[in-house]
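# Survey of secondary and tertiary structure
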Amino acid sequence: MRTTANNLFLKSAECAGAGFAIATFLSGVMIGLLSPKERAANHWGVSASLLGLVGGASIGLIQKRESQSGVDNEPIKIDSQPTGEAYWKGWRNFTVVHKVKESEEITSFYLQPQDGGQLPQFEAGQFLTLKLDIPGQSKPVIRTYSLSDYPIPVAYYRLSIKREPAPPELNVMPGIASNYLHANIGEGSVIAVRPPSGKFVIDVHKSLPAVLISNGVGITPMISMAIACCYLNPNRPIWFVHGTRNGLSHAFRDDILALAQKHPNLHVHFTYSRPRPEDNGFYHSEGYVDSQKIKQLVGKEAEFFLCGSPSFMQSLQSGLKMWGVPDNQVFYESFERQASNSIEPQIATDKGITEAQIVFTESNRKLIWTMNDGTLLEFAEANDIYPPFSCRSGICGTCMCKILEGEVTYQQVPTADIEPGSVLICISKPRTSRVVLAL
Ligand SMILES: Cc1cc2nc3c(=O)[nH]c(=O)nc-3n(C[C@H](O)[C@H](O)[C@H](O)COP(=O)(O)OP(=O)(O)OC[C@H]3O[C@@H](n4cnc5c(N)ncnc54)[C@H](O)[C@@H]3O)c2cc1C
Ligand code: FES
């Protein structure tokens, strides 16, 4: 989808080309007419006219090639990151303006604000939080999805969502939000959205190579990062390493290849775990993405960005560590709620408190928490108090609530911005014998 903003840009360049041609041509003729006897003036006239025609024609040709490139969602190349409007507060309604199937499991949704207002620029790697009113659900379902594109200027937000099936070994419902979005949300639907957020972002202006490693739907923030780096810092070497089952599950293959063709700093490696015969020529290696593969492709003097399934993240994290990559050069984000708990906790569990009184003021409940009750979110849910949540990993900020008394301890490093006087209950346990929460 070429954006309205892009079209406006093309239009103005076309006008500039035409204006340039006409103005130069006319000034050339005028110089020639006003001084018909002067050889130098005549030369000037002829040269200026020709320059005008050639200049106009070249701009026209460049425009024609751009518009025929066939690479959709291609951002305009600019030198610096544009600054957008300030983020809105709370929920804002967005209309789905376009819905595109990217693979057998992943579908993209292009969103524009229903109020027609500005879209703030986001950082490549950030996500949006959605609120969905799903029939049959007792309360709105809140989920977070990474922004999977980096349009410059930002004319839409794109989310690319995998339809989550039920795990094969369990007799449970398939994923609530993802299946609802695939089946029931189409062009014209309206969704409530919170502003871009998240700290899994890339500093495009660094010169150290960036290695973007993903599997499955973990590809989404990586596309945004790759596009941002290609356009904002074409000198930064980028490795885009992605693993998937085969060509049927491979989303954005052509977009990434087209980007790499235009930007020599982008190197691509696709790994298929179960390629089909017809996939020959479309992938670079067979198997899974692991640290051995990464070592064969790049040196360890790089920044590594990881996003994918829990087993993939764990194997890469420990593989990179064993290779000697310092922790401060490895960045990761997990989409899976359980996974982030299994990724090495960076804050030790505070074992001091084994029992605490928890007061939920809005629910008017006083309850005793013991160390087997899990996080404060799990404890609340077990007692029929259902605060909003999304990631359950300290990433999105959805479960943030005011703490009126006492302290909590975090089981892992929170990455969401926490407002003063608030806590993330999805990854915290009580630290003091009494904790009062505005819930
Ligand atoms: C920062 C962040 C960014 C993300 N970005 C993306 C993205 O770009 N694209 C994307 O597709 N996703 C992304 N996600 C994941 C997304 O937020 C959702 O978690 C995902 O879509 C699943 O939500 P759901 O409501 O469809 O599934 P849920 O209803 O939450 O279910 C999840 C899974 O659990 C299974 N399940 C249901 N009940 C049980 C049970 N009792 N026991 C065991 N299993 C059960 C379901 O069948 C399903 O497979 C991101 C997550 C985070 C935290
Ligand atoms: S639910 Fe996302 S930070 Fe707690």
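Structure first, text after, so check above.
For clarity, every value in this text was computed on a predicted model and none was experimentally measured.

### Brief notes about the nonpolar core
Leu212, Ile213, Ala226, Ala228, Cys229 and Phe305 are the most contacted members of the largest nonpolar core, which totals 66 residues. Looking at this core, the element that brings in the most residues is helix H4 (residues 219–232), giving 11 residues. Domain assignment of the residues forming this core places at least three in each of domain 2 (92–197) and domain 3 (210–342). Residues contacting Leu212, with those up to four places away along its chain left out, are Met222, Met225, Ala226, Ile238, Trp239, Phe240, Val241 and Phe305.

### Quick word on the sheet that holds strand E17 (residues 422–424)
Strand order in the open sheet made by the five strands is E14-E13-E19-E15-E17, with mixed pairing throughout. Edge positions in the sheet fall to strand E14 (365–370) and E17, since each of these pairs with one other strand and no more. Strand-to-strand twist across the sheet, computed as the mean angle between neighbouring axes with direction ignored, equals 40 degrees. Two elements, strand E15 (residues 400–405) and strand E19 (residues 434–437), share two bridges in a ladder whose sense is antiparallel. Looking at E19, one finds that Ile403 is bridged to Leu437.

### A word on the site of ligand 1
Not every one of the 29 residues close to ligand 1 is listed here, only the nearest: Gly175, Ala177, Ser178, Thr220 and Cys391. Of all elements in the fold, only strand E4 (141–146), strand E5 (157–162) and helix H3 (176–184) reach the threshold of two or more residues within the shell around ligand 1. Across the shell around ligand 1, the residue classes break down as 16 nonpolar, nine polar and four charged.

### Let's talk about unusual backbone geometry
Trans peptide bonds make up the majority, and among non-glycine residues the majority have a negative phi. Residues Ile152 and Pro153 are joined by a peptide bond in cis, for which omega reads -5 degrees. Here Pro153 shows up in the loop between E4 and E5. Even without a glycine there, the phi angle at Asp384 is positive, about 65 degrees. As for its position among the elements, Asp384 is in the loop between helix H9 (376–382) and E15. What makes Asp384 exposed here is the crowd of 8 C-beta atoms within 10 Å.

### Concerning the sheet that holds strand E10 (residues 285–286)
Backbone hydrogen bonds hold the strands of a sheet together, and the pairing may be parallel or antiparallel. Taken together, six strands build an open sheet; the order of strands is E10-E9-E8-E7-E11-E12 and the sheet is parallel. Each end of this open sheet is capped by a strand with a single partner; those strands are E10 and strand E12 (330–334). Of the strand pairs in this sheet, strand E8 (residues 238–244) and strand E9 (residues 266–272) are connected by seven bridges, and their pairing is parallel. In the sheet register, Trp239 faces E9, and the bridge partner there is His267. Here helix H5 (residues 253–262) sits on the sheet and contacts E8 and E9; the angle it forms with E9, its principal contact strand, is near 150 degrees.

About the criteria used
Residues numbered from 1 in each chain as written. Chains lettered and ligands numbered in written order. Predicted model: local features only at pLDDT ≥ 70, side-chain atom pairs only at ≥ 80, totals over all residues. Core = buried A, V, L, I, M, F, W, Y, C linked by C-beta atoms within 7 Å. Buried ≥ 20, exposed ≤ 12 C-beta atoms within 10 Å, placed from the backbone. Helix = DSSP H or I, 4+ residues; strand = E, 2+ residues; numbered from the N terminus. Domains from an automatic or database assignment. Contact = placed C-beta atoms within 7 Å. Pairing = 2+ DSSP bridges. Axes fitted to C-alpha atoms, helices over the stretch in contact; angles between N-to-C directions. Near = placed C-beta within 6 Å. Nonpolar A, V, L, I, M, F, W, Y, C, P; charged D, E, K, R; others polar.

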